[in-house]
Amino acid sequence: MKGAARLDPGPATAPHAAPRAWEASDPYAAALRAGRGPLFLRRTDGWLLPLDVERWCARADAADLEVLDRCEGAVLDVGCGPGRLVAELAARGRTVLGIDVSEAAVARTVRTGGQSLRRSVFEPLPGEGRWDTVLLMDGNVGIGGDPRALLARVADLLAPGGLLIAETAPGDVDERAQVQVVDVTDGHAPGAPFPWARTGTRALLRHAGAAGWEGAGQWRSGERRFVALRSTRRASSSAEPPNSTAVMSSQRPRNPSDDSAVADR
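Enquirer: Now, about the nonpolar core: what can you tell me, with residues and values included?
Expert: The biggest cluster of nonpolar side chains holds 44 residues, and the ones touching the most others in it are Leu76, Val121, Val134, Leu164 and Trp213. If one sorts the elements of this core by residue count, helix α6 (residues 147–157) sits on top with 5 residues. Excluding anything up to four places from it in sequence, Val121 contacts Val78, Ile99, Ile143, Leu150, Arg153 and Leu157. In this structure, Val86, Ala90, Met137 and Trp219 belong to the second largest nonpolar core, which totals 19 residues.

Enquirer: Give me the lowdown on the packing of aromatic side chains, citing residues and values where you can.
Expert: Inspection of every chain in the model, using the stated rule, returns 2 aromatic pairs. Ring centres 6.0 Å apart and planes at 90° place the aromatic pair Phe194 and Trp196 in the edge-to-face group. With relative accessibility at 5%, the residue Phe194 sits in the buried group. For Trp196, a relative accessible area of 9% puts it in the buried group. Look at Trp219 and Phe226: their rings are 5.5 Å apart centre to centre, the planes differ by 20°, and that puts the pair in the stacked class.

Enquirer: Could you give an account of the sheet that holds strand β4 (residues 96–100), with specific residues and numbers?
Expert: Spatial strand order, β5-β4-β3-β6-β7-β11-β10: 7 strands in an open sheet with mixed pairing. Strands at the two margins of the open sheet, each flanked by one partner only, are β5 (116–118) and β10 (214–221). Pairs of neighbouring strands in the sheet enclose a mean axial angle of 20°, with direction left out of account. Of the pairings in the sheet, the one linking strand β6 (residues 131–136) to strand β7 (residues 158–168) comprises 5 bridges and is parallel in character. The partner of Thr133 across the bridge, within β7, is Leu163. Running over the sheet, helix α4 (residues 84–91) touches β3 (75–78), β4, β6 and β11 (224–230) and is turned about 165° from β4.

Reading guide: rules and limits
Residues numbered from 1 in each chain as written. Predicted model: local features only at pLDDT ≥ 70, side-chain atom pairs only at ≥ 80, totals over all residues. Heavy atoms only, no water. Core = buried A, V, L, I, M, F, W, Y, C linked by side-chain atoms within 4.5 Å. Buried < 20%, exposed > 50% of the residue type's maximum accessible area, 1.4 Å probe, protein only. Helix = DSSP H or I, 4+ residues; strand = E, 2+ residues; numbered from the N terminus. Contact = heavy atoms within 4.5 Å. Phe/Tyr/Trp six-rings, centres within 6.5 Å; stacked < 30°, edge-to-face > 60°. Pairing = 2+ DSSP bridges. Axes fitted to C-alpha atoms, helices over the stretch in contact; angles between N-to-C directions.

This is how it looks when you write it as structure tokens:
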């Protein structure tokens, strides 16, 4: 990470910061605690998108490892879920932090040996502008329901020339929807509706090009698809010099009533 990582508890980025719909979803928390589904995103028209909870709660698979091998420097995993990628990078001795709005996700990430913070990507985060790689895996390019807004936010988080690796949806899809997290088998009340996006590779590259990103690669692993993008944002004259010894314990939030703490090491 470029410079020491410290959390600036300034104002959250509106309007995306307020909703914490995944946090409020009992089916999602229950599935993460159990390590299994079935779990779905349900659109308002009733269409169901299966969520691969078992894979998320397992160890990083071959496709994941290929992604992690491409990561550079300090890594921020946005929407880290139960933390398989954070744990794998931590085991490699890498500087890595996961963020997720779900308390159950943060807790599971910590139990697997990773560092995690309960926070939305649209809220103030540690090390803004100094992360070398940001991950948007498992469809998390859909966070907030607006891929261009999310790309702009990720650009703020990355160091100049930093790398974004995103997992895209199969097919040539570019849709926005209101969705709920549901378990159709056990009678759990569905989570509150929230905005989501499904974005295929072609659509993501189009959005990224309009926002000034450079393509850095695309590949498939089985049925999964990935895109790497390079930030073209330049360093300001007041930027801190590089510091490869960023201390993760400095990333503890200053308001513990709002966020679960990053795990101590």
